[in-house]
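# Inside the fold
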Amino acid sequence: MSTIASSNPPSTIPAYLTTTSIGKKVLMAVSGVIAFGFVCGHMLGNLQVFIGQDQMNHYAETLQNLGPMLWVIRLFLAAAFITHIWLGILLKLQNNAARPVGYKNETTQKASLASRTMIWTGLIILTFVAYHLLHYTARLTNPEYASLLDGQGRFDVYSMVIHGFSDWIISAVYIVGVGLLAYHLSHGVASMFQSLGLNSPAWQVRLNRIAWFFTILLFVGYASIPTAVLTGCLTLPGGGY
Ligand code: HEM
């Protein structure tokens, strides 16, 4: 008579989430939803640059005035990003170990290019975000930005963005970065629904369309800013760069 080998299932929710493959996928999806929420909110915030200098600087000042609360939000978002990246790498390594030969034949035909390259697009986006933080948040790449003030003595985020994107190489880096982000999300959003159990064969086509809708919206929204600066549609208050 044969016996079925049983490994002890994790007894607590945190242990379940961090040790089982399904738990890790659920955690990836939840952290992905948080990161996605930030990306949508950040785009809406940035699009205020089209309203003008006063609106953009007022928005940036309002965020800065959140004081310690801003740091609570930043730490929460950083935790979500780190969880997402860490589990993404872990799941990729586990998949490779379980299938050392890699995908072949029919499986490869079914999996989209976006889904097979998630780890690589993810790591490039991470590099892009690191550069972006050094560029516009820490301003280490361009320390001269720190002295930009508007007529009301506020930090002039509006002019910083225009100066930044007046360099076509920097604009190109941003457009490629947000393009890869959108591509990553084209699979990520659909897969997020699946990991959270919100997918079904009947809904799959609709959910894929929703994912592509957000992908295009985010790409157009983000890429419109460097494009508008390069084409002269967005200029400094006095005109030009
Ligand atoms: C055209 C595209 C983008 C523009 C114009 C832009 C603009 C900015 C600016 C001006 C800041 C600094 C705000 C300040 O210090 O007052 C900032 C911060 C930040 N951006 Fe972006 N951003 C873009 C794309 C992105 C993308 C695609 C991501 C993430 C995937 C991102 C993530 C962040 C993060 C994490 C911060 C730091 C927020 C904080 O300091 O609390 N940005 N961005």
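Structure: see above.
Residues numbered from 1 in each chain as written. Predicted model: local features only at pLDDT ≥ 70, side-chain atom pairs only at ≥ 80, totals over all residues. Heavy atoms only, no water.

### Remarks on the overall build of the protein chain
For the protein chain, the helix and strand inventory stands at ten helices and zero strands. Going residue by residue from the N terminus, the α and β elements of the protein chain occur as α-α-α-α-α-α-α-α-α-α. If you line up the protein chain on its principal axes, its C-alpha atoms span 85 × 40 × 35 Å. Summing over all exposed atoms, the protein chain offers an accessible surface of approximately 14600 Å²; the carbon and sulfur share of this is 69%. Averaging the positions of the 12 positive and the 7 negative side-chain charges in the protein chain gives two centres separated by 27 Å. (Helix = DSSP H or I, 4+ residues; strand = E, 2+ residues; numbered from the N terminus. Areas by Shrake-Rupley, 256 points an atom, 1.4 Å probe, with all protein chains shown as cover. Lys, Arg positive; Asp, Glu negative; His and termini not counted. Charge placed at Lys NZ, Arg CZ, Asp CG, Glu CD.)

### Points about the side chain of Ser171
As for its position among the elements, Ser171 is in helix α9 (residues 168-195). The class of Ser171 is buried, set by a relative accessible area of 0%. Polar side-chain contacts of Ser171 include one of 2.9 Å to the backbone oxygen of Phe165. Beyond its immediate chain neighbours, meaning those up to four positions away, Ser171 contacts Phe165, Pro226 and Leu230. (Buried < 20%, exposed > 50% of the residue type's maximum accessible area, 1.4 Å probe, protein only. Polar contact = N/O pair within 3.5 Å; in protein donor to acceptor, adjacent residues only side chain to side chain. Contact = heavy atoms within 4.5 Å.)

### Some points on the packing of aromatic side chains
A complete count under the given rule lists nine aromatic pairs for this structure. Plain terms: the ring middles of Tyr131 and Tyr174 are 6.3 Å apart, the flat faces sit at 65° to each other, and that makes the pair edge-to-face. Here Tyr131, found in helix α7 (residues 118-137), pairs with Tyr174, found in helix α9; they are 43 residues apart in sequence, far enough to count as distant. Arranged with centres 6.2 Å apart and planes meeting at 40°, the rings of Tyr136 and Tyr145 form a pair that is tilted. The exposure class assigned to Tyr136 is buried, which follows from its relative accessible area of 9%. Taking relative accessible area as the criterion, Tyr145 reaches 4% and is therefore assigned buried. Taken together, the ring pairs in this structure connect Phe128, Tyr131, Tyr136, Tyr145, Phe165 and Tyr174 into an aromatic cluster. Lying over the aromatic face of Trp71, Arg74 brings its terminal NZ or CZ to 4.5 Å of the ring centre. (Phe/Tyr/Trp six-rings, centres within 6.5 Å; stacked < 30°, edge-to-face > 60°. Lys NZ or Arg CZ within 6 Å of the ring centre and 35° of its normal.)

### A few points about the environment of Gly67
Relative to the helices and strands, Gly67 resides in the loop between α3 (53-64) and α4 (68-98). Distance in space between the C-alpha atoms of Gly67 and Phe219 is 31 Å, their sequence separation being 152 residues.

### Quick look at the coordination of the iron atom of the ligand
Only His42 (NE2) and His132 (NE2) from the protein coordinate the iron atom of the ligand, and they sit 1.9 to 2.0 Å from it. Of note is the iron atom of the ligand, whose six donor atoms meet at the metal with angles of 88 to 179° in an arrangement that counts as octahedral. Of this pair, His42 sits in helix α2 (residues 21-46) while His132 is found in helix α7, placing the two residues 90 residues apart along the sequence. The exposure class of His42 is partly exposed, given its relative accessible area of 25%. (Donors = N, O, S within 2.8 Å, 3.2 Å for Na, K, Ca; no water. Tetrahedral: all angles 85-135°; square planar, octahedral: opposite > 155°, others 65-115°.)

### Thoughts on the site of the ligand
Among the 21 residues in the neighbourhood of the ligand, the closest are listed as His42, Asn46, Arg74, His132 and Arg139. Asn46 places a polar side-chain atom, nitrogen or oxygen, 3.3 Å from a nitrogen atom of the ligand. Contact between the ligand and Arg139: an oxygen atom at 3.3 Å from a side-chain N or O atom of the residue. Mapped onto the shell around the ligand, the elements with two or more residues apiece are α2, α7, α8 (157-165), α9 and α10 (201-230). Per-element accounting of the shell around the ligand gives the leading share, six residues, to α7. A class-by-class count of the residues in the shell around the ligand yields 14 nonpolar, five polar and two charged. (Near = heavy atom within 4 Å. Nonpolar A, V, L, I, M, F, W, Y, C, P; charged D, E, K, R; others polar.)

### Let's talk about α10
Between its first and last C-alpha atoms α10 spans 44 Å; for 30 residues at 1.5 Å apiece the expected length is 44 Å, and the two agree. Residue Ser224 marks the point of greatest curvature in α10, where the axis turns by about 35°; the proline Pro226 follows within four residues. Buried within α10 are the following residues: Leu207, Ala211, Thr215, Leu218, Gly221, Tyr222, Ala223, Ile225, Pro226, Ala228 and Val229. As for α10, its buried residues are in contact with α2, α8 and α9. (Expected span 1.5 Å × (residues − 1). Bend = angle between axes of the 7 residues up to and from the residue.)

### Thoughts on the pattern of salt bridges
Throughout the structure, instances matching the rule amount to two salt bridges. With its nearest N and O atoms 2.6 Å apart, the salt bridge here joins Arg154 to Asp54. With Arg154 in the loop between α7 and α8 and Asp54 in helix α3, the pair connects residues that are 100 residues apart, well separated along the chain. Where Asp150 meets Arg154, a salt bridge forms, and the shortest distance between an N and an O atom there is 2.8 Å. Both residues of the pair, Asp150 and Arg154, count as buried. When salt bridges with common partners are traced through the structure, they connect Asp54, Asp150 and Arg154 into a single cluster. (Salt bridge = Lys/Arg side-chain N within 4 Å of Asp/Glu carboxyl O.)

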